[in-house]
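Chain residues, written in single-letter form:
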Amino acid sequence: MVHVLSGRVLLRPTDPERSRAFYGEQLGLAVYREFGTGPQRGTVYFLGGGFLELSGRSEVPPSPALRLWLQVEDVGAAHEELRSGGVEIVRPPVKEPWGLIEMWIADPDGTQIVLVEVPADHPIRYRPGI
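Bear in mind the structure is a predicted one, so any value in this text is a computation, not a measurement. (Residues numbered from 1 in each chain as written. Predicted model: local features only at pLDDT ≥ 70, side-chain atom pairs only at ≥ 80, totals over all residues. Heavy atoms only, no water.)

1. Examining the overall build of the chain
And then number 1: If you tally the helices and strands in the chain, you get two helices and eight strands.
And then number 2: Put simply, the chain runs from its N terminus to its C terminus through helices and strands in the order β-α-β-β-β-β-α-β-β-β.
And then number 3: Taking the principal axes of its C-alpha atoms as reference, the chain extends roughly 55 × 45 × 25 Å.
And then number 4: Here the chain holds 130 residues, and 37% of them are scored as buried.
And then number 5: Residue pairs at least 24 apart in sequence account for 47% of intrachain contacts in the chain once pairs closer than 6 positions are excluded.
And then number 6: Counting every atom, the chain has about 8000 Å² of accessible surface; 55% of that belongs to carbon and sulfur. (Helix = DSSP H or I, 4+ residues; strand = E, 2+ residues; numbered from the N terminus. Buried < 20%, exposed > 50% of the residue type's maximum accessible area, 1.4 Å probe, protein only. Contact = heavy atoms within 4.5 Å. Areas by Shrake-Rupley, 256 points an atom, 1.4 Å probe, with all protein chains shown as cover.)

Structure, rendered in structure tokens:
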């Protein structure tokens with residue numbers, strides 16, 4: 001059995017400085033650690049129970065199959081804060097048929113990011129009888 005102690009998503013952006021500005025300044029993710037020097041240095045951000053690492057450089061954007069799912073306390077407040085900070089909103093907050101409130105944005109390379117609010121009465125938070 002593999003005993004995973006920690007995990008992270010690795011992104012190789014086409015423009016590391018632009019991506020660092022997006023994730024660190026516009027999205028406001030806290031830095032866990034940085035390594036290396038210069039424009040292609042690595043930056044690891046906290047993602048709640050995981051991490052997002054931007055390091056290296058790629059000539060092509062990540063696959064459109066890659067998506068980031070980030071749970072937030074209040075997706076409406078996140079919407080206002082990000083919109084006023086100049087982040088392009090791909091889709092504003094919508095309550096989905098499955099009960100989650102979701103909003104979509106994208107990073108500078110087009111990586112889709114869903115911001116999710118889990119309402120207090122949603123089964124993810126509470127399952128009667130269990």
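2. A few points about the packing of aromatic side chains
And then number 1: Under the criterion given, the structure shown has five aromatic pairs.
And then number 2: Residues Phe 46 and Phe 51 carry aromatic rings whose centres are separated by 5.7 Å and whose planes lie at 40° to one another, so their mutual orientation is tilted.
And then number 3: Phe 46 gets classed as partly exposed once you look at its relative accessible area, which sits at 37%.
And then number 4: Since its relative accessible area comes to 14%, Phe 51 is described here as buried.
And then number 5: Cluster of aromatic residues (ring-pair linked, three or more members): Phe 22, Tyr 23 and Tyr 45.
And then number 6: The lysine or arginine in question, Arg 8, covers the ring of Phe 51, its NZ or CZ lying 5.7 Å from the ring centre. (Phe/Tyr/Trp six-rings, centres within 6.5 Å; stacked < 30°, edge-to-face > 60°. Lys NZ or Arg CZ within 6 Å of the ring centre and 35° of its normal.)

3. Points about the nonpolar core
And then number 1: By size, the foremost hydrophobic cluster in this structure holds 20 residues, and its most contacted members are Tyr 23, Leu 27, Ile 105, Ile 113 and Leu 115.
And then number 2: Those elements giving two or more residues to this core turn out to be α1 (16–26), β3 (42–47), β4 (50–54), β5 (67–71), α2 (75–84), β7 (101–106) and β8 (112–117).
And then number 3: Once residues within four sequence positions are removed from consideration, Ile 105 is found in contact with Phe 22, Leu 27, Leu 82, Val 87, Glu 88, Ile 89, Val 90, Thr 111, Gln 112, Ile 113 and Leu 115.
And then number 4: Core analysis: the next-biggest nonpolar cluster, separate from the first, contains five residues, Leu 100, Trp 104, Val 116 and Val 118 among them. (Core = buried A, V, L, I, M, F, W, Y, C linked by side-chain atoms within 4.5 Å.)

4. A closer look at the UniProt feature "domain: VOC" (unreviewed entry) in the chain
And then number 1: Mapped onto the present numbering, the UniProt feature "domain: VOC" (unreviewed entry) falls on residues 1–118.
And then number 2: Along residues 1–118 the backbone is 18% helical and 37% strand, and the end-to-end C-alpha distance reaches 32 Å. (UniProt positions renumbered as here; feature names shortened; annotations may be inferred.)

5. Looking at the side chain of Glu 102
And then number 1: Take Glu 102: it is sitting in strand β7.
And then number 2: Although Glu 102 is buried, it makes no salt bridge; Arg 91 carries the closest opposite charge, 4.3 Å away.
And then number 3: Separated by 3.1 Å, the side chains of Glu 102 and Trp 98 make a polar contact.
And then number 4: If we skip the residues at most four places from it in the chain, Glu 102 touches Arg 91, Pro 92, Pro 93, Val 94, Glu 96, Val 114, Leu 115 and Val 116. (Lys, Arg positive; Asp, Glu negative; His and termini not counted. Salt bridge = Lys/Arg side-chain N within 4 Å of Asp/Glu carboxyl O. Polar contact = N/O pair within 3.5 Å; in protein donor to acceptor, adjacent residues only side chain to side chain.)

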